[in-house]
Amino acid sequence: LKMSWVWLYLPLHLLMVTCWCHSIKAATTSSQQSSKTDLFNFYHSLILADGKETTIHLLKDIPKRYYFVLEEGRVLAPFSITVTPCDVPIEWSILVYKSPPGKATPGDHDTPEVSKSQKTPSVASTIFNYKGNSVETYMGMSSHTALYLLEFLSTERDTHITVYLTTDTTSGHLYPELPTDPRIDVIGVGHTTVTLAWKHSPSVLQHRESIQYCLLVNEKHNYKSLCAAETAIRSSGMKLPPTLALSLSPYLLEPQQVMILSNSELSIINKVSSGEVRQVCMGTRNTYTVPNLSPSTQYYFDVFIVNLLTNASAAYTGTFARTLEEPEPKATELKDGKVAHVVLDGKKQKFYSLQYQARHKKIHFTFQLCQGQIRVHITRNGKTVASENLSGLRNFSLKGKLLDTYVVQLRSTEESNSSVKVQASPHFHKPLFPLLPESLKIKSFSKLRTCRSVTIAWLGTQEESKYCVYRRRIEEDQIWREVQSADRCSGPESRHKSEKVLCKYFYDLNLQRAVTTETIKGLEAGTFYLFDVYLFGPSGIPVRYHSKVVKTRKKC
């Protein structure tokens with residue numbers, strides 16, 4: 001009697017499994033081993049909830065099993081199972097256990113005693129199996145009581161999946177419905193834009209308030225579910241807001257994320273190692289132009305229809321498109337002997353083009369790097385004749401034919417802005433820059449430093465030239481920035497008059513003796529000073545020596 005009370009309190013599905021296991025244990029000797037395996041599987045399985053999406057975590061090479069029972073008494077009971085892999089491909093299968101025709105079923109549980117007819121073993125059969133990473137739905141029909149076992153296995157790595165079981169197929173769907181043709185059409189491609197269109201989901205027409213479209217743009221590949229896309233973004237090293245954040249909440253944004261809200265449209269841009277990943281939710285509009293793309297780049301586009309109430313989503317068939325190549329920028333004409341000052345945007349990494357048509361066979365190109373780092377590429381009639389990174393001053397002497405066309409392309413090689421001065425002229429033209437010494441470094445003499453003065457020296461040339469010295473007081477924490485960001489093309493006109501120390505002329509035909517020194521007095525003790533020397537040639541365009549920072553002595 002006591003045992004009977006226990007059985008009465010057991011849930012129906014547990015009672016059915018228990019009775020089933022008694023039937024298996026009483027089977028013939030030839031099926032004993034199989035029965036033990038089935039018994040182990042049942043006792044190590046979990047119940048799969050009906051009408052609820054279940055997240056299942058899988059460890060590599062360790063199968064996980066869930067079961068559910070279709071109750072007796074339902075005639076032609078329909079059911080469906082939807083499995084969504086959120087990362088790598090998985091293997092999953094459905095097994096059904098039914099009693100042979102004419103035999104008692106585990107539903108006959110009016111008494112806890114097992115009848116002789118129940119000793120006949122159940123018949124197990126695999127009704128479905130799948131391997132891959134696509135979202136798969138199995139729809140079945142059962143005419144009598146049966147126990148179903150689902151087995152999931154990941155052979156690549158630890159992962160997670162979602163599983164949705166429903167035995168109520170008449171009261172609506174958890175997942176939004178896809179149209180008959182779920183493809184995304186590319187209806188326009190530009191240099192920085194791609195226009196997409198897709199057919200409306202039937203769910204939008206029925207539940208417009210709680211349904212919306214979300215678009216994912218990336219440079220890697222298409223994703224078969226929103227779950228898989230979010231997992232991939234997280235694995236790249238960032239935290240992703242919940243799916244609802246795509247359309248409702250700007251919170252939880254990480255430093256690598258940028259949120260843009262315009263025209264009732266929310267965009268989240270994630271900076272990942274493989275490029276940008278953009279998420280855009282646009283309500284119930286079924287066309288969208290993706291802006292601000294990079295030219296000549298392949299992008300992958302996925303559209304998901306999201307139920308905002310259940311957070312469930314369905315994926316359209318992804319597509320891809322390559323933006324058009326950027327048109328060659330118009331080249332600025334270089335004129336004989338004229339200096340062009342070019343400022344380059346390091347963030348855009350674009351080439352700036354200059355064109356020069358030769359009126360002589362020999363041409364002389366001169367470059368003075370003002371700021372940053374720049375790559376120069378020179379072609380003659382389409383063929384490369386020079387290509388290198390600029391450093392300080394650089395001259396190229398090239399020989400060709402009359403009316404040859406030279407194109408000079410310049411590009412910043414760092415993210416900050418860079419600038420350069422360029423001159424093209426025949427070889428006999430008056431040079432842009434003065435004759436330069438072997439080194440543009442300024443030297444200071446530590447032993448000659450005092451509390452009120454410092455002594456500096458610099459190299460000259462065999463050509464008489466004018467040299468001007470400037471000095472400026474500077475704080476210690478400003479030294480690195482001032483030296484690194486100095487505009488090497490700027491002349492004394494950019495300096496305050498009070499900073500000028502002196503100007504002098506000198507030269508020496510013997511380069512070994514072409515050195516000059518200068519003692520700058522009237523300084524403050526224990527103070528940092530920035531010294532600059534400007535060299536002026538016949539053209540009047542100055543060349544700035546490398547800045548030198550010297551500190552006066554504290555005590556003397």
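Residues numbered from 1 in each chain as written. Predicted model: local features only at pLDDT ≥ 70, side-chain atom pairs only at ≥ 80, totals over all residues. Heavy atoms only, no water.

So, on to the overall build of the chain. From N to C terminus, the chain includes six helices and 36 strands. Taking the intrachain contacts of the chain between residues at least 6 apart in sequence as the baseline, contacts between residues at least 24 apart amount to 74%. Accessible area for the chain stands at about 30000 Å²; split by element, carbon and sulfur atoms hold 51% of it. (Helix = DSSP H or I, 4+ residues; strand = E, 2+ residues; numbered from the N terminus. Contact = heavy atoms within 4.5 Å. Areas by Shrake-Rupley, 256 points an atom, 1.4 Å probe, with all protein chains shown as cover.)

Per the stated rule, a full pass over the model turns up 14 salt bridges. The salt bridge involving D87 is made with R157; its shortest N-O contact spans 2.9 Å. A residue pair is termed long-range when its members are at least 10 positions apart, and D87 in the loop between β4 (77-85) and β5 (90-98) and R157 in the loop between β8 (146-153) and β9 (159-166) qualify at 70 residues. Residue class for D87 comes out partly exposed when judged on its relative accessible area of 27%. For D532, the salt bridge identified is with R495, shortest N-O distance 2.7 Å. Highlighted residues: D532 in strand β34 (residues 528-536) and R495 in the loop between α6 (479-485) and β32 (500-506), separated in sequence by 37 residues. Of the residues examined, D532 reaches a relative accessible area of 0% and is grouped as buried. A relative accessible area of 14% means that R495 is categorised as buried. (Salt bridge = Lys/Arg side-chain N within 4 Å of Asp/Glu carboxyl O. Buried < 20%, exposed > 50% of the residue type's maximum accessible area, 1.4 Å probe, protein only.)

Let us now look at the state of the cysteines. Evaluated as defined, the whole model comprises five disulfides. Between the sulfur atoms of C468 and its disulfide mate C503 the distance is 2.0 Å. The S-S bond linking C468 to C503 shows a torsion near 110°; that makes this disulfide right-handed. Taken together, the residues span a long stretch of sequence, with C468 in strand β31 (residues 465-474) and C503 in strand β32 at a distance of 35 residues. By relative accessible area, which is 3% here, C468 ends up buried. (Disulfide = S-S within 2.5 Å.)

On to the nonpolar core. If you look at the biggest cluster of nonpolar residues, it comprises 24 residues, and the most contacted ones within it are F365, F367, I378 and L410. Taken together, the elements giving at least two residues each to this core come down to β21 (339-344), β22 (352-357), β23 (362-371), β24 (374-380), β26 (393-399), β27 (405-412) and β28 (418-426). Considering each element in turn, this core owes the most residues, four residues, to β23. Among the nonpolar cores identified, the runner-up in size contains 23 residues, and L58, F79, V96 and A146 belong to it. (Core = buried A, V, L, I, M, F, W, Y, C linked by side-chain atoms within 4.5 Å.)

Turning our attention to the packing of aromatic side chains. According to the stated counting rule, one finds 18 aromatic pairs in the structure shown. With centroids separated by 6.1 Å and ring planes inclined at 80°, the aromatic side chains of Y356 and F365 adopt a geometry described as edge-to-face. Both residues of the pair, Y356 and F365, count as buried. In this structure, K504 is placed above the aromatic ring of F506, and the distance from its NZ or CZ to the ring centre is 5.9 Å. (Phe/Tyr/Trp six-rings, centres within 6.5 Å; stacked < 30°, edge-to-face > 60°. Lys NZ or Arg CZ within 6 Å of the ring centre and 35° of its normal.)

What follows concerns the pairing of strand β19 (residues 319-322). Of the two faces of β19, the one lined by T319 and A321 is fully buried and the one lined by F320 and R322 carries no buried residue. Bridge count between strand β17 (residues 298-307) and β19: four bridges; the pairing is antiparallel. Looking across to β19, one finds that Y300 is bridged to F320. (Pairing = 2+ DSSP bridges.)

This part takes up the sheet that holds strand β20 (residues 332-333). Reading across the sheet, the five strands line up as β20-β22-β27-β24-β25 and stay open at both edges, with mixed pairing between neighbours. In the strand order of this sheet, the two ends are held by β20 and β25 (383-389), each with one partner. Two elements, β22 and β27, share six bridges in a ladder whose sense is antiparallel. Following the sheet pairing, S353 is matched in β27 by Q409.

Attention shifts here to the pairing of β24. In regular strands, side chains alternate between the two faces of the sheet. Both β24 and β27 contribute to a ladder of seven bridges, which runs antiparallel. Its bridge partner being in β27, H377 is matched across the sheet by Q409. In the sheet, β24 pairs with β25 via six bridges, with the strands oriented antiparallel. Paired with R375 across the bridge in β25 is N389.

With phi around 65°, D61 is a residue other than glycine that occupies positive phi space. Within the secondary structure, D61 sits in the loop between β2 (52-58) and β3 (64-70). With phi around 55°, N292 is a residue other than glycine that occupies positive phi space. Relative to the helices and strands, N292 resides in the loop between β16 (287-290) and β17.

Attention now moves to the environment of G382. Here G382 shows up in the loop between β24 and β25. Classification of G382 as exposed rests on a relative accessible area of 63%. Measuring from C-alpha to C-alpha, the distance between G382 and T405 comes to 8.2 Å, with 23 residues separating the pair along the chain.

The next thing to look at is the sheet that holds β23. The strands that make up a sheet pair up through hydrogen bonds in the backbone, lying either parallel or antiparallel. An order of β21-β28-β23-β26 is seen for the four strands of this open sheet, with the pairing classed as antiparallel. A single partner strand is all that each edge strand has here, and the edge strands are β21 and β26. On average, each strand axis in the sheet is tilted by 20° relative to the strand beside it, whichever way the strands run. Examined bridge by bridge, β21 and β28 share six bridges and lie antiparallel to one another. (Axes fitted to C-alpha atoms, helices over the stretch in contact; angles between N-to-C directions.)

Considering the arrangement of structural elements, one finds S225 in the loop between β12 (211-218) and α5 (226-235). S225 sits in the buried class, given a relative accessible area of 6%. A polar contact of 3.0 Å, which involves the side chain of S225, links it to the backbone nitrogen of A228. Residues in contact with S225, not counting those within four places in the same chain, are T84, P85, V135, F304 and A315. (Polar contact = N/O pair within 3.5 Å; in protein donor to acceptor, adjacent residues only side chain to side chain.)

This paragraph deals with the confidence of the model for the chain. When pLDDT is averaged along the chain, the result is 80, and 77% of the positions lie at 70 or above. Low pLDDT, under 50, characterises residues 100-121; the stretch is placed with 29 contacts to residues that sit more than four places away or in other chains. (pLDDT = per-residue confidence, 0-100.)

Inspection of the secondary structure assignment puts S80 in strand β4. Contacts of S80, omitting those with residues within four sequence positions, involve T137, Y138, M139, Y164, L165 and T166.

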